[in-house]
Every structure is written in structure tokens, then in C-alpha cells.
Amino acid sequence: MTRTVYVNGDYLPEHEAKVSIFDRAFLMGDGVYEVTSVLGGKLIDFDGHLKRLERSLNELDMPHPAAMGDLLEIHRELVRVNEITDGMVYLQVTRGSDGDRDFVFPNPETTAPTVVLFTQSKPGMAKAPMADKGMSVISVDDLRWGRRDIKTVQLLYPSMCKMMAKKAGADDAWLVQDGFVTEGSSNNAYIVKDGKIITRELSNDILHGITRAAVLRFAAEAQMEVVERNFTIDEAKDADEAFITSASTFVMPVVKVDGETLGDGTPGRVAKRLREIYLDESLKTAI
Ligand code: PDD
């Protein structure tokens, strides 16, 4: 089946979809994005992703696309026509193209944002084998720009981090700034010590994960203690367990940090419980 994608108001077969070579995202990385997961044909945490998209647009003075109010319908239509049961919807909004290259932003009155959406099918995504096995991470310097709270498409360094991890035989990288873990290359990072869930507090240093917000809320509701503070890689190596969160991995246990095995090397109790709670609760509010 040919994938149907959405570009600036049109639903098209993917090979017919076109964006200008002058598009600001292509030339300048001048675009923002969201990834919303789909389980059982329904969107998880859609409102959270829409709110963060609005925030990213506002922080960059990027005009809101005309389709802003239709985004839920567009997501649903793509899920429907592409017959997605489990997977993701990727959404990107860019500052558009005024037909040339210039560092200065184009006039928003005459240059409309580009809006692109497509689906990715991942059957059985909630039952990823990695959740039973746990993942390994390596630490790398956080060399990204200073506004990681904005979900921009400037993903070269995170891609390089994934490649460094792959080369080292690990599954992902945790980024370290001034001696403290900021987040994973495409996820938020957590350790668990003496029953406490520890994760870096929100700031411009990390993406304000939609999954993070939900997981911390569910943890508090389940009477688990959450501490939002910086932690080091040494603390992570010495932790009872660790995990990451993101829209595409939900809650994923980490069992190795820089080659050091945590606990008995299997996914920890807290991570497993939070994964279960997150999947159960998010499905209840999926739309
Ligand atoms: N990544 N931190 C970074 C740097 C991320 O790229 C992501 C998400 C997260 C988790 O955010 P959320 O829970 O809202 O997905 C944290 C997405 C999934 C991606 O780039 O594919």
C-alpha cells in the first residue's frame, strides 16, 4: 500500500509530495516538529503535543499555519487512510519558502508556513522486545544549542550521538553537560535510587517531554517519590535502575550505562511498573 501523506492542505501519495528546495527547514533547519504515537488506531497524548507545537512556534516567532485548528482531523485521517493500528504520526511545520536563501526571516504576511505530516507503521509497538531486555546507553558530551526546549528539526547532533552509540555497541546515548546528564539523544532520562525516581528538572536544557509529564503525574498518583534534580553518570552507574521516556518508546528500561550493569542487568521494577501504568492510562484517554 502506498503511504498517503499530507502537504499544505493536500493528501497525496508519498512520491507525489513536494516541498520547495528554498524551504527554510531544508536550508536553515528552520522548522519544528512533533511525534505522536498511535496505539490501537488512537492518538496518545494528542493535546500535549499540540500545546508543545504552539509553544515551539511561539518561541521562534513562527506563524501558526492555517491548518492549526484542523491538525487533529488531519492526524486522524492519515491514521485512517494508512490503516495504522500502532505507530506514529510525524508532523513538521517550517517557516516556509519565499523562493530564495536569506538568513533574515521572510515576511510572515507573504510567506506561509509549510505543513507536512506522515505516518509510520510499527505493529506491536507497545510490545517492543527491548522493554523485556532493557537497553544500554553510553554518555557523550551535550554539544547541542541552548534552546533544547524547542522541538526543532535541527537533529544532526542527536543523529551523531545515535551513531556513536551504535559504533560502541550500545542502543542510545545520554548527553552530559557540565558533569550532569541532560537527557537522551531523543528521550528524557531517569534513574531510580532507594525508591526515588530522579530526573533533571525542566529548563531550556531539555525538551519538555510529553511522555515525561504524563509519567511523572502517574508516578505521583501511584505514591512513588519523584525528585527533579540533576544527576551525574556516576550516579547513574550506581543507580538501582534507570529508564527513558518518549512518545516512540513510552517507558523503556535502561540496564547498562557506559558498560556498567545496573542491578542484576534486567529491567527494574519501577520502570516496568511505570511502563504498564503509562500504557494503561494513556490508552484510556487516547483519541
Ligand atoms: N523525540 N528529549 C528529546 C531530545 C527528544 O527528541 C524527545 C522526543 C524527548 C521526549 O519527548 P516526548 O515524550 O514528548 O516524545 C525528549 C521524538 C520521539 C523523536 O524525535 O522522534
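Right above here is the structure, for reference.
Everything numeric in this text was worked out from a predicted model, so none of it was measured.

Draft legend 1. Structural context of the overall build of the protein chain. For the protein chain, the count of helices and strands is eight helices and 15 strands. A globule of 287 residues ought to have a C-alpha radius of gyration of about 19 Å, and the protein chain, at 19 Å, matches this closely. Each principal axis of the C-alpha atoms in the protein chain carries an extent, and together these give about 55 × 40 × 35 Å. Residues classed as buried in the protein chain amount to 49% of the 287 residues present. Taking all contacts inside the protein chain whose residues are at least 6 apart in sequence as the whole, residues at least 24 apart take part in 71%. When the accessible surface of the protein chain is split by element, carbon and sulfur atoms take 51% of a total near 13,800 Å². Where the 34 positive side-chain charges of the protein chain centre and where its 45 negative ones centre are 3 Å apart.

Draft legend 2. A look at helix H2 (residues 46-59). Across its 14 residues, H2 extends 20 Å between first and last C-alpha, which sits within 8% of the 20 Å expected from 1.5 Å per residue. Those residues of H2 that sit buried are Phe-46, His-49, Arg-52, Leu-53, Ser-56 and Leu-57. Taken end-on, H2 shows its buried residues confined to a sector of 140°, consistent with a single buried face. Considering only its buried residues, H2 is in contact with strand S3 (31-39), strand S4 (42-43), helix H3 (71-81), strand S5 (87-94) and helix H6 (210-221). Immediately downstream of H2, the backbone of Asp-61 shows phi near 50°, a positive value.

Draft legend 3. Spatial organisation of the pattern of salt bridges. Scanning the entire structure with this criterion turns up 19 salt bridges. In this structure, Asp-142 and Arg-148 form a salt bridge, with 3.4 Å as the shortest nitrogen-oxygen distance. For the pair Asp-142 and Arg-148, one class covers both residues: buried. We note a salt bridge from Glu-228 to Arg-212, for which the minimum N-O separation is 2.7 Å. A residue pair is termed long-range when its members are at least 10 positions apart, and Glu-228 in strand S12 (residues 225-228) and Arg-212 in helix H6 qualify at 16 residues.

Draft legend 4. Up close: the layout of surface pockets. In this structure, the largest pocket spans a volume of roughly 720 Å³. Lining the largest pocket are 35 residues, with Tyr-33, Lys-151, Leu-155, Ser-185 and Ser-186 positioned closest to its centre. Listed by contribution, the elements that provide at least two residues to the lining of the largest pocket are S3, H2, S5, helix H5 (156-167), strand S9 (180-184), H6 and strand S13 (241-246). Per element, the largest residue contribution to the lining of the largest pocket is four residues, and it comes from H5. The residue inventory of the lining of the largest pocket, partitioned by class, reads 13 nonpolar, 15 polar and seven charged. If you count residues domain by domain, the lining of the largest pocket takes at least three from each of domain 1 (4-123) and domain 2 (130-285). Counting only elements with at least two residues in the lining of the second largest pocket, the list comes to S13 and strand S14 (250-257). Here the lining of the second largest pocket is composed, by residue class, of eight nonpolar, five polar and five charged.

Cut-offs and rules
- Residues numbered from 1 in each chain as written.
- Predicted model: local features only at pLDDT ≥ 70, side-chain atom pairs only at ≥ 80, totals over all residues.
- Heavy atoms only, no water.
- Helix = DSSP H or I, 4+ residues; strand = E, 2+ residues; numbered from the N terminus.
- Rg over C-alpha atoms; globule rule 2.2 N^0.38 Å.
- Buried < 20%, exposed > 50% of the residue type's maximum accessible area, 1.4 Å probe, protein only.
- Contact = heavy atoms within 4.5 Å.
- Areas by Shrake-Rupley, 256 points an atom, 1.4 Å probe, with all protein chains shown as cover.
- Lys, Arg positive; Asp, Glu negative; His and termini not counted.
- Charge placed at Lys NZ, Arg CZ, Asp CG, Glu CD.
- Expected span 1.5 Å × (residues − 1).
- Arc of directions from axis to C-beta.
- Salt bridge = Lys/Arg side-chain N within 4 Å of Asp/Glu carboxyl O.
- 1 Å grid on protein atoms, 1.4 Å probe; cavity = no way out; pocket = protein on both sides within 12 Å on 5 of 7 lines; lining within 4 Å.
- Points joined across faces, edges and corners; volume = space filled by probe spheres on them.
- Nonpolar A, V, L, I, M, F, W, Y, C, P; charged D, E, K, R; others polar.
- Domains from an automatic or database assignment.

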